[in-house]
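# Chains, contacts and geometry: an overview
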Amino acid sequence: MRIFLISKYGSSRDLALKLLDEGHDVAMYITSKTARKLHDLPFIVDAPSADMMKVDLFSIEDDISGAFAEKARELNRPTVGGGLFGDRLVRNPIFMEKTLTTCGFSIADPKTKGMPVNVGGWFCGEEFIRPYFLGIRYARVGSGDVGKKTKGMGIAGQYKLKGNFFGLLRKLEKTLKEANYQGFVNLQLYINNESVKASSLDVGLSFPNLALISTLHNTMGNFLFRVATNMAKQATVQPDKVGVGVVWLPNIDEASICPTMICGTGEHISAAMASAYKAINKLSNEDAYYRIDIGNNYNDNLAKLKGWDWT
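Residues numbered from 1 in each chain as written. Predicted model: local features only at pLDDT ≥ 70, side-chain atom pairs only at ≥ 80, totals over all residues. Heavy atoms only, no water.

### Remarks on the packing of helix α4 (residues 84–91) against helix α5 (residues 93–102)
Running from amino to carboxyl end, α4 crosses α5 at an angle of 115°, the nearest separation of the two axes being 5 Å. Classed by the angle they form, the pair α4 and α5 counts as roughly perpendicular. The segment α4 lies against α5, with F85, R88, L89 and R91 engaging P93, F95, M96 and T99. Classifying every residue of the contact of α4 with α5 gives five nonpolar, one polar and two charged. (Axes fitted to C-alpha atoms, helices over the stretch in contact; angles between N-to-C directions. Helix = DSSP H or I, 4+ residues; strand = E, 2+ residues; numbered from the N terminus. Parallel < 35°, antiparallel > 145°, perpendicular 65-115°, else oblique. Contact = heavy atoms within 4.5 Å. Nonpolar A, V, L, I, M, F, W, Y, C, P; charged D, E, K, R; others polar.)

### Description of the sheet that holds strand β12 (residues 183–191)
Within the open sheet, the eight strands sit side by side as β6-β13-β12-β7-β8-β11-β14-β15. Their pairing is mixed. Both edges of this open sheet fall to β6 (106–107) and β15 (260–266), since each of them pairs with a single strand only. With nine bridges connecting them, strand β7 (residues 115–123) and β12 associate as antiparallel partners. Bridge assignment links F123 to a residue of β12, and that residue is G183. Where helix α8 (residues 209–216) meets the sheet, its contacts fall on β7, β8 (128–137), β11 (154–160), β12, β14 (242–248) and β15, and the angle it forms with β11 comes to roughly 40°. (Pairing = 2+ DSSP bridges.)

### Some words on the sheet that holds strand β5 (residues 79–80)
Pairing is parallel in the open sheet, where five strands are placed in the order β3-β2-β1-β4-β5. The open sheet has two edge strands, β3 (44–45) and β5, and neither has a second partner. Relative to β5, strand β4 (residues 57–60) is paired through two bridges, and the arrangement is parallel. Bridge pairing links S59 to V80 in β5.

Note that all results are geometric; they support no functional claim without further evidence.
Structure (structure tokens):
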């Protein structure tokens, strides 16, 4: 299958490599010129070509590529992610907040206290399919959850069949169907024993979820095609696997335009952490920065969510 990926900073690199291993013909266009120069891989193209619409599948991140995604769908090209709806979510925080409140969510503010949770799922044009992804976010820059908030310094999570979180995703179905969207959807939430509040909504395979979600799937190419054509009935994930993704920065003082996400999986969180940090230890850069505690409190947080009747 011929698959074309569009990425702003190259976050789809791991997905592209996975698709190549599966035997697909892959090309990727990185819209940021600076980021494009940092990726030296043969499947990265300098510009979209005239025959792009001949490919079998497009995969687009939530990176302001909506017009391209809309054009691809108009030409009946199967497309995962992207769209003008997704662009509006990225560009316009007021529109995002209105969308979430219309779907029945309370909105988090800077004073909101609670556990930072990611709930993600695959929407196939009509409805979400199981299992859904449940992740604990590590947003602050420092270990021990100190320092300023970032888009993400790491995530630990797994796919789950049961739990009340799936009902939160289903609240979005009408809006997503009206937007003619197919692809991954991610809700960022703050949860405590009294309330759940939404902080953001992403459509498309977005950082930092992208690399970890790709790692937890058995295969991606044919599954993405089925999502784009509303034929997927269940996500093809590794059963009973927990994943840990750690953001690795080459230098803490110079924020990288395309941070690397190092992932590990295992039957338990300790095995997943060991796998991820073993891979990090092989990287030779004494100036690199990464949190050393991604996954540490994962089991405790799951126990809290179970006590609050979420899982």
